[in-house]
Structures are given as structure tokens and as C-alpha cells.
Amino acid sequence: MKPSNKLRLKALRLSSPNYMKKVWLLLSGILFLVLAVVFLMMPLPGKVKAMMIIGLAVFMTMLMAAAFLIIGRVSKMLISGLKIPEQVSQNCLSRDQLMQDALNIGAGVPWTAEIHPDEGWIDVTWKWKESIDINSSSASRNEEVFYKLFRIHDDFTYEDLDYTTSKTSALYPGGAGMSRGFFLGRVKKKVYMANIGHNAAEGPSDRQYMIDTDELANFMHQWFADRGYRYRGI
């Protein structure tokens, strides 16, 4: 399983708004205590020290409020445009049944599913770009893949991660090169790309590549709701 279960669980934790708020609170508290001690050690009258510490407390409170507001807005932005069903089927499939049912994902849609029953994950893969692109000075083979990784819980809920990978092999006058990239976390991503070249499935053509990641996400949210699973959100 790639990425590993350990890396996935870490990404879920680090990308959680609640976790980010807790980290911000901890760091803000440590900074406040350090600065308060520094103020107390200054050779100043007690009233002045008290006013400085009160001012520091007010400033840190405002800073934390601003940080929480930003985290909240980012969380809303990541789910904007998604159609998360409010109505969830009362006929809940067991986790094993859900895993087996996931193997049927792929009929009539451009993505497929892979299950990891022992770890509790369903990976939905969308290999949306696989081509040879040609321009005046080089030729490159490109593969772009978008994954939705779904963590299934025993209380009939689920949460998700976004995972993207890219591979490029290029030939150009005087040399060649290869590059790989990936991202694991949460992303609000819509991509449009176009090229003139050789499509792996269709041959030479003027080919346009489009991806709307919400299309896959909305499909899966409805799929889970139909089977009695509720989205935990972010």
C-alpha cells in the first residue's frame, strides 16, 4: 500500500483543523510564558511590567482569534463546491461488505478502486493523463494520477485524503531527464491542461485533458451515503 498506513494517518492528523488549532494554542501559550518571564526580569516598575504583560495577553488573544478564523475559512474553502449528502441510508453495510462493494466501482466512470481491508482504506484512482507530448524542441511522456484515499471507521463514518502523483520522462536535444512528484494531504484542485501530441489510448491527436476533482469526490460521498456511511468532515 502506497503511501504507507503510517504516513496516511500522520497526514490525516496534521491536516485536521482541530489539530492545527491545538498546535497554535500550544505555541502561543509557550510564547506568552517566555515573553512574560522576560518582561518580569526587566528592571522596570511593577506597574509597567503588569501593563506590558496585560498588553501581551491582549495581543496574543487577538492573534489566536485571527489564526482560528483563517483555519476555519480554509476548511470551508476545501469543502466548498462539494455535494455531501445530508440523508444517509439507514441500511448500513458492514466494513467487510463495504470493502467488497468497492471492488465494483469503475463501471461507467473513469476511476477504479483498490481496497486495503486490514488497514481500513479504500483507494480510488483516477489516471486522468497518460500521453506523449511533443513541441518544437522536446518530447515528453507524462502520467498524472489523482487519488482519493478513504479511511473507514467502525462507527459507520469515513474521512478522506487527497493524493496526487506525476511522472515525466523527457527527451530534448543533447540529453534526457526524468522527474517525479507527489502530494498527500487535502487540496482544493481543479486542473485543465492541453497538448498536441500522442495520446496513449487514442494515438496522434490534438488532445485536451480536463479534470475536476470534485466530480470524483461527489461521486464517492454519494456512494458512501447510499451504503450508510457519514462523512466526518475536516
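No experiment lies behind these values; they were computed from the predicted model shown. (Residues numbered from 1 in each chain as written. Predicted model: local features only at pLDDT ≥ 70, side-chain atom pairs only at ≥ 80, totals over all residues. Heavy atoms only, no water.)

**Concerning the pattern of salt bridges**
Enumeration according to the criterion identifies eight salt bridges in this entry. The partner of Arg-186 in a salt bridge is Asp-160, with the nearest N and O atoms 3.4 Å apart. Here Arg-186 is found in the loop between strand S5 (175-185) and strand S6 (190-199), whereas its partner Asp-160 is found in strand S4 (residues 157-172), with 26 residues between them in sequence. Accessibility classification places Arg-186 together with Asp-160 in one group, the buried group. In the salt-bridge network here, residues are joined through shared partners; they are Lys-148, Asp-160, Asp-162 and Arg-186. (Salt bridge = Lys/Arg side-chain N within 4 Å of Asp/Glu carboxyl O. Helix = DSSP H or I, 4+ residues; strand = E, 2+ residues; numbered from the N terminus. Buried < 20%, exposed > 50% of the residue type's maximum accessible area, 1.4 Å probe, protein only.)

**Topic: the confidence of the model for the protein**
This prediction gives the protein a mean pLDDT of 85; 89% of its residues lie at or above 70. When the elements of the protein are averaged for pLDDT, S6 gives the smallest value, 58, and strand S1 (residues 112-116) the largest, 96. (pLDDT = per-residue confidence, 0-100.)

**Re the environment of Trp-126**
Locating Trp-126 in the fold gives a position in strand S2 (residues 121-134). Between the alpha carbons of Trp-126 and Thr-213 there is a distance of 9.3 Å; along the sequence they are 87 residues apart. Not counting residues within four places of it along the chain, the set of residues in contact with Trp-126 comprises Pro-110, Trp-111, Glu-144, Val-145, Phe-146, Ile-211, Asp-212, Glu-215 and Leu-216. (Contact = heavy atoms within 4.5 Å.)

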